[in-house]
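# Residue-level structure breakdown
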Amino acid sequence: MALARVAILTVSDSAAQDATADRSGPSIRDILSSRGYDCAHTLIVPDDETRIRDAVQAWCAQDDVDWVLTTGGTGFGVRDRTPEAIRPLIEREASGLVHLLLSTSLQHTPLAALSRPVAGTVGNTLVVTLPGSVKAVRENLDALLMGGVVDHALDLIRGGSGRQLHAELASNASVQSAPDPPPHAHAHHHHHHHSHSHSAPVPRTVLSHDPSLPVSARHRESPYPLVSVDDALSSILTELQSLSIREELVTARLRGYVLAEDVHAPQDIPRSQTTSVDGYALRSTDPPGIYTVVTPKTHALAEALPHGSVFRINTGGPLPTGTDTVVMVEDTRLHRTCADGEEDAVETLAQVPVGENVRAPGSDVRRGALVLARGQVLHGAGGELGTLAFVGRAKARVYGKPVVALLSTGNELLDLQAPKPLEGDGWGGIWDTNRPALQAVLESMGYEVVDLGIVPDDLEAHVAALKKGVESADLLLTTGGTSMGASDLLKPVIERHLGGTVHFGRVKVKPGKPTTFATLPGRAAHVPLFALPGNPASALVTFYLFVLPALRRLGGWPEDRCHLPRVRVQLRDAMRLDARPEFHRVVIKAGPEGLGAYSTGGQRSSRVASLSGANGLVALPPHQENGPDKLEVGEVVEAVVIGELQMQ
């Protein structure tokens, strides 16, 4: 591997005034130089966000720096702003390196929990922030350099395959191996996720049945363990990471995206004195009386307003030089007009004090103020997009929004818009309910959908459809084919034909027990796949419970907002308890006594009408032995909100 070129940035107010106070920067240089790194650039800047960001950005743009290291400004001090300066620049986060830094420091002091390291790539440059103390710098560097972690990262960022390091690791492992490992020995495996020339990931185990065997050989009991809802959600959020950051135009199409940068006001708003009303700008010393009217067409703003005149002004308009107040149009009377009907003179009926009806410069937003934080969802309600436009941002860096490939499976399904009669004994089949219902939900949330249609119960058709989905989308969503039927092919195709991993294949929940979450090798490290049950109510309920959090995770939503909100509701109908936790479809209405939950009726998993009008899912606990069979009217429970609340 070629010599890595390093730039070192010390962030310190005191060192910026006296370079001899910088001890961490020279320590980094000495350690790296002794290991053969070319420390070509060093710089000291104060704890100033703009100075930090500009220095790092300049180095990354030069194309002659492989690794940028900063030291200082990563704690909770008032002046510690290094993370805020670096994060907007990061294109691909290196969360593993951040974990390595924190875990290393925590081995030495619990105070390391207050450190806020950042790591990731900017173009073809790796950027890592280190603490300011010499001791912490040495500890962190030892961790980064141990086992070739950074060298491997730099090689991959440059476009390498990492083969050399893999070969060295394999060679070392063979030299160090012994025929009889000692008790409690552990096998450690080097692994990572990227898309160079590595082979596709191999599933840990294959539990699905072999579809090439006769029907009599299929499983009679599911080999997939039954996991809880909480464990299923934890698995999803652990496996998935945000999509890559991109720059987008600030238009209405940006709704639903998540900001990947802090947005600061580039200038004071308003820049100069402006009016908050329609009226006339004048001097606060001008008494009530008759004044000549001038307008933006007849008087330049930069020129002082002549005595005996008022400047007609509309809400939001700037005041001309020499004026310091505005009289409302309601406090004036027309005195004289011109031949063309234009105002020539008005009478002011009141004397207004300094600053009346005037917005001072920066009174809305001061220059440099944080107006939107990284991780902010740009909602369709318009407030966030309006804020971006308000401060003059024409473009913004956001996390990618996932594209969803959607398909239904089953020979028995008919496309509502293109029905083809089924061959056989006259049974007409059933309408494909799930695909149009899920597409409607997805598109209403702003997600692009690739419709892969209805896939028959055929092995080759399943393989072809899923391959197409992997190539065209960021998440695959299927319904049907997940249970114990002889023609249920999704799990075998995932594990045996596409090299995927099934992370869970059953969930202890009603409805939705066969819900499956898997990942497939694709354009990125892996593409998530959700195989939902074929029963319509099950498909929609499990979409809200499991798929929506995954979509939000991919889209960069903060983890605590990936799930739909939950509220406390009072039952207006009694609800029977099942052996499994159940999500009962309800209509939530707000009334004088709070939120009430009304059942939508029969809850059979095939009855999609139970979701018609529903805006909530009451989370019913499982039935306990010797416990009550149902929850009674008036009991208070938790409900997941899936739609707009109604008024009672």
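It should be noted that the structure appears before, not after, this text.
## A look at the layout of surface pockets
- Approximately 790 Å³ is the volume found for the second largest pocket.
- Taken together, 30 residues form the lining of the second largest pocket, with Arg 255, Gly 256, Lys 401, Met 445 and Gly 446 sitting closest to its centre.
- Elements represented by at least two residues in the lining of the second largest pocket include exactly strand E8 (245–249), helix H11 (434–444) and helix H14 (536–554).

## Some remarks on the packing of aromatic side chains
- Taken as a whole and assessed by the stated rule, the structure comprises five aromatic pairs.
- Ring geometry for Phe 543 versus Tyr 544: centroids 5.5 Å apart, planes at 75°, classification edge-to-face. Accessibility assignment for this pair places Phe 543 and Tyr 544 in one class, buried.
- The rings of Phe 504, Phe 517, Phe 530 and Phe 546 are connected pair by pair, giving a single aromatic cluster.
- In this structure, Arg 116 packs its charged tip against the face of Phe 76, placed 5.6 Å from the ring centre.
- Its guanidinium or amino end placed over the ring of Tyr 224, Lys 491 lies 4.9 Å from that ring's centre, counting from NZ or CZ.

## Some details on the nonpolar core
- Among the nonpolar cores identified, the biggest contains 39 residues, and Leu 475, Leu 477, Phe 530, Phe 543, Phe 546 and Phe 583 are the most heavily contacted of them.
- Where this core is concerned, the elements lending two or more residues are helix H9 (229–239), strand E20 (404–409), H11, strand E24 (475–479), strand E28 (527–532), H14 and strand E33 (616–620).
- For this core, the leading source of residues is H14, giving eleven residues.
- Each residue touching Phe 530, except ones within four places of it in the same chain, is listed here: Ile 236, Leu 475, Leu 476, Leu 477, Thr 478, Thr 516, Phe 517, Phe 546, Val 547 and Ala 550.
- Counting 26 residues, the second-largest nonpolar core is a separate cluster that includes Trp 67, Leu 69, Leu 130 and Leu 141.

## Here we look at helix H5 (residues 95–106)
- The terminal C-alpha atoms of H5 lie 16 Å apart, and with twelve residues this matches the ideal 16 Å at 1.5 Å per residue to within 8%.
- Listing the buried residues of H5 in full gives Leu 97, Val 98, Leu 101, Thr 104 and Ser 105. Down the axis of H5, the smallest arc covering the buried residues is 135°, so these residues share one side.
- For H5, the secondary structure elements touched by its buried residues are strand E5 (119–122), strand E6 (125–130), helix H6 (134–145) and helix H7 (149–157).

## Here's the deal with the pattern of salt bridges
- Taken as a whole and assessed by the stated rule, the structure comprises 23 salt bridges.
- Between Glu 49 and Arg 53 there is a salt bridge, with its nearest N and O atoms 3.2 Å apart. In this pair, Glu 49 and Arg 53 are both assigned in helix H3 (residues 49–62), four residues apart and thus about one turn of the helix distant.
- By relative accessible area, which is 14% here, Glu 49 ends up buried.
- Where Arg 366 meets Asp 268, a salt bridge forms, and the shortest distance between an N and an O atom there is 3.9 Å. Here Asp 268 lies in the loop between strand E9 (263–264) and strand E10 (274–275) and Arg 366 lies in the loop between strand E17 (358–359) and strand E18 (370–372), a separation of 98 residues in the sequence.
- Since its relative accessible area comes to 21%, Asp 268 is described here as partly exposed.
- Linked through salt bridges whose partners overlap, the residues forming this network are Asp 415, Asp 432, Arg 435 and Asp 451.

## Some remarks on the sheet that holds strand E14 (residues 325–328)
- Read across the sheet, six strands follow the order E14-E11-E13-E12-E16-E15 without closing on themselves; strand pairing throughout is mixed. The sheet is open, and its two borders are formed by E14 and strand E15 (332–337), each paired with just one other strand. Strand after strand, the sheet turns through a mean of 40° between neighbouring axes, direction not considered.
- Relative to strand E13 (residues 309–313), strand E12 (residues 289–294) runs parallel, the two being bridged by three bridges. Its bridge partner being in E13, Thr 292 is matched across the sheet by Ser 309.

## Brief notes about the side chain of Ser 24
- Among the secondary structure elements, Ser 24 is positioned in helix H2 (residues 24–34).
- Under the relative-accessibility criterion, Ser 24 is labelled buried at 4%.
- With residues near it in sequence (within four places) discarded, Ser 24 still touches Thr 71, Gly 132, Ser 133, Val 134 and Val 137.

## Let's talk about empty space enclosed by the protein
- What the rule picks out here adds up to one cavity of 30 Å³ or more.
- Approximately 40 Å³ is the volume attributed to the largest cavity.
- Contributing to the lining of the largest cavity are Gly 256, Tyr 257, Val 258, Tyr 399, Gly 400, Lys 401, Pro 402, Tyr 447, Gly 555 and Trp 557.
- By residue class, the composition of the lining of the largest cavity is six nonpolar, three polar and one charged.

## Some remarks on the sheet that holds strand E3 (residues 67–71)
- Spatially, the six strands line up as an open sheet ordered E2-E1-E3-E6-E5-E4, and their pairing is mixed. Strands at the two margins of the open sheet, each flanked by one partner only, are strand E2 (38–45) and strand E4 (92–93).
- As defined by bridge partners, E4 adjoins E5 across two bridges and the pair is classed as antiparallel. Counterpart to Arg 92 in the pairing with E5 is Thr 121.
- Set on the sheet, H2 makes contact with strand E1 (5–11), E2, E3 and E6; between it and E3 the angle comes to about 145°.

## Considerations on a nonpolar patch on the surface
- On the surface, a nonpolar cluster with roughly 370 Å² of combined accessible area is contributed by Phe 76, Leu 111 and Leu 114.
- For Leu 114, the location among the structural elements is in the loop between H5 and E5.
- The class for Leu 114 is partly exposed, based on a relative accessible area of 48%.

## Focus on the environment of Asn 314
- Position of Asn 314 among the secondary structure elements: in the loop between E13 and E14.
- Taking the relative accessible area as the measure of exposure, Asn 314 reaches 56% and is therefore exposed.
- C-alpha separation for the pair Asn 314 and Ala 281, spaced 33 residues apart in sequence, amounts to 9.8 Å.
- The residues touching Asn 314, leaving out its near neighbours within four places in the chain, are Thr 275, Val 277 and Asp 278.

## Some remarks on the side chain of Asp 432
- By secondary structure assignment, the location of Asp 432 is in the loop between strand E22 (430–431) and H11.
- Polar contacts involving the side chain of Asp 432 include one to the side chain of Arg 435, which spans 2.8 Å.
- Contacts of Asp 432, omitting those with residues within four sequence positions, involve Ser 408, Leu 413, Leu 414 and Ile 454.

## Describing the packing of H5 against H6
- Taken N-terminus to C-terminus, the directions of H5 and H6 make an angle of 130°; their axes are 9 Å apart at the nearest point. Comparing the axis directions of H5 and H6 gives the class oblique. As for how H5 packs across H6, the hand of that crossing is right-handed. Contact residues: Leu 97, Leu 100, Leu 101, Thr 104 and Ser 105 in H5; Glu 139, Asn 140, Ala 143 and Leu 144 in H6.

Cut-offs and rules
- Residues numbered from 1 in each chain as written.
- Predicted model: local features only at pLDDT ≥ 70, side-chain atom pairs only at ≥ 80, totals over all residues.
- Heavy atoms only, no water.
- 1 Å grid on protein atoms, 1.4 Å probe; cavity = no way out; pocket = protein on both sides within 12 Å on 5 of 7 lines; lining within 4 Å.
- Points joined across faces, edges and corners; volume = space filled by probe spheres on them.
- Helix = DSSP H or I, 4+ residues; strand = E, 2+ residues; numbered from the N terminus.
- Phe/Tyr/Trp six-rings, centres within 6.5 Å; stacked < 30°, edge-to-face > 60°.
- Buried < 20%, exposed > 50% of the residue type's maximum accessible area, 1.4 Å probe, protein only.
- Lys NZ or Arg CZ within 6 Å of the ring centre and 35° of its normal.
- Core = buried A, V, L, I, M, F, W, Y, C linked by side-chain atoms within 4.5 Å.
- Contact = heavy atoms within 4.5 Å.
- Expected span 1.5 Å × (residues − 1).
- Arc of directions from axis to C-beta.
- Salt bridge = Lys/Arg side-chain N within 4 Å of Asp/Glu carboxyl O.
- Pairing = 2+ DSSP bridges.
- Axes fitted to C-alpha atoms, helices over the stretch in contact; angles between N-to-C directions.
- Nonpolar A, V, L, I, M, F, W, Y, C, P; charged D, E, K, R; others polar.
- Patch = residues over 30% accessible without salt bridge, like charges linked within 9 Å, V, L, I, M, F, W, Y side chains within 5 Å.
- Areas by Shrake-Rupley, 256 points an atom, 1.4 Å probe, with all protein chains shown as cover.
- Polar contact = N/O pair within 3.5 Å; in protein donor to acceptor, adjacent residues only side chain to side chain.
- Parallel < 35°, antiparallel > 145°, perpendicular 65-115°, else oblique.
- Left-handed = near helix turned anticlockwise from the far one by under 90°.

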